[in-house]
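# Understanding the architecture of this molecule
For reference, the chains in residue letters:
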Amino acid sequence: MKSIFAFLFPFPQNSTACILSLLLFSSTFLHAQAPVITSAATIQATVGQSFSYNITATESPTSFGAANLPAGLSLDSITGVISGTPTTAGTNMITLSASIPFLTGSLILTLTVDPIPVPVITSSATASATVGQPFRYIIRVINATTSFGATNLPAGLSLDVLTGVISGTPTTVATSTITLSASNAGGTGTRTLTLTVNPPTPVITSAATVTATLSRPFSYTITANSTPTTFNATGLPTGLSVN
């Protein structure tokens, strides 16, 4: 290499400084190596989620490149950081490069962008309510959800499609099989909820105190709301019974 430079640049004998500079340049050039990219050759991302990847390499590169980046991602050519939020699922073959003056190293990066994961409903598959009593049930999920659904709700209940809260006051005794759903751009997850609406607890409305006379006939009627089906009384004195 020295002879090539001497042939190309025939300096005069007294041009010692120029010759030494040229030889120093040629020596540096001969020993320089192209950067070797050392960061991972495969990586995954998810649609709609923030992503960051740092191109690392030997030889202290002064600039970086990345060809065929998927939509939503960009490269900082000075720091070598690829970042952004991918918008489309797929597998991308990206050509990475790291450069110093006159030399460049490259690597193929396989970036797999996964679709948005479908919501998974994790809330209880059974619930109970009481006629005439306020009721609240939250559809709980794993993974981001944009809307909720619930089919076959009993009378008196409704769903907030944005929060996933079922609420209201049921009006009819019944056991309902409700199909819950949670959706996002990746799809819809479902689960069956069995909701049992029980009759209201009777409240006894008859008098709490009463007087009877020994050896005289006595009668007391237990009255209550919610149409009780049976009655009972404990601790009755001798001679009295309940029907």
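Note that the structure is a prediction, hence the values are computed from the model and not measured.

Attention now moves to the overall build of the protein chain. Each helix and strand counted, the protein chain has two helices and 16 strands in total. When the 243 residues of the protein chain are sorted by exposure, 26% land in the buried category. Considering only contacts in the protein chain between residues 6 or more positions apart, those separated by 24 or more positions represent 55%.

Before going further, it helps to examine the sheet that holds strand β16 (residues 187–198). On the basis of which strands lie adjacent, the open sheet formed by four strands has the order β9-β16-β15-β12 and mixed pairing. Pairing within the sheet leaves two strands with one partner each, and these edge strands are β9 (126–130) and β12 (147–151). Here the average twist between neighbouring strands, direction ignored, is 30°. Direction of pairing for β12 relative to strand β15 (residues 174–184): antiparallel, over a ladder of five bridges. Looking across to β15, one finds that F148 is bridged to A182.

Generally speaking, nonpolar side chains in soluble globular proteins are found buried as a group. Counting 17 residues, the largest nonpolar core has F135, Y137, I166, L180 and L195 as the members making the most contacts within it. Looking at this core, the elements that each hand over two or more residues are β9, β10 (135–138), β12, β15 and β16. Beyond its immediate stretch of four places on either side in the chain, F135 contacts A127, S128, A129, L157, I166, S167, G168, P170 and L195. The next biggest cluster of nonpolar side chains, apart from the first, holds 15 residues, and it includes Y53, L73, I82 and V113.

Moving on, we get to the layout of surface pockets. Roughly 300 Å³ of internal volume is contained in the largest pocket. If you go around the largest pocket, you meet 13 residues; those closest to its centre are F218, Y220, L236, S241 and V242. Its residues assigned to classes, the lining of the largest pocket comprises 10 nonpolar, three polar and no charged.

Our next topic: unusual backbone geometry. One non-glycine residue, F102, adopts positive backbone phi at about 75°. Within the secondary structure, F102 sits in the loop between β6 (90–100) and β7 (103–114). Using a relative accessible area of 67% as the deciding quantity, one classes F102 as exposed. In the Ramachandran plot, N143 falls in the positive-phi region, its phi being about 85° despite a non-glycine side chain. Its location among the elements puts N143 in the loop between β11 (141–142) and β12. By relative accessible area, N143 is classed as partly exposed at 31%.

Conventions and cut-offs
- Residues numbered from 1 in each chain as written.
- Predicted model: local features only at pLDDT ≥ 70, side-chain atom pairs only at ≥ 80, totals over all residues.
- Heavy atoms only, no water.
- Helix = DSSP H or I, 4+ residues; strand = E, 2+ residues; numbered from the N terminus.
- Buried < 20%, exposed > 50% of the residue type's maximum accessible area, 1.4 Å probe, protein only.
- Contact = heavy atoms within 4.5 Å.
- Pairing = 2+ DSSP bridges.
- Axes fitted to C-alpha atoms, helices over the stretch in contact; angles between N-to-C directions.
- Core = buried A, V, L, I, M, F, W, Y, C linked by side-chain atoms within 4.5 Å.
- 1 Å grid on protein atoms, 1.4 Å probe; cavity = no way out; pocket = protein on both sides within 12 Å on 5 of 7 lines; lining within 4 Å.
- Points joined across faces, edges and corners; volume = space filled by probe spheres on them.
- Nonpolar A, V, L, I, M, F, W, Y, C, P; charged D, E, K, R; others polar.

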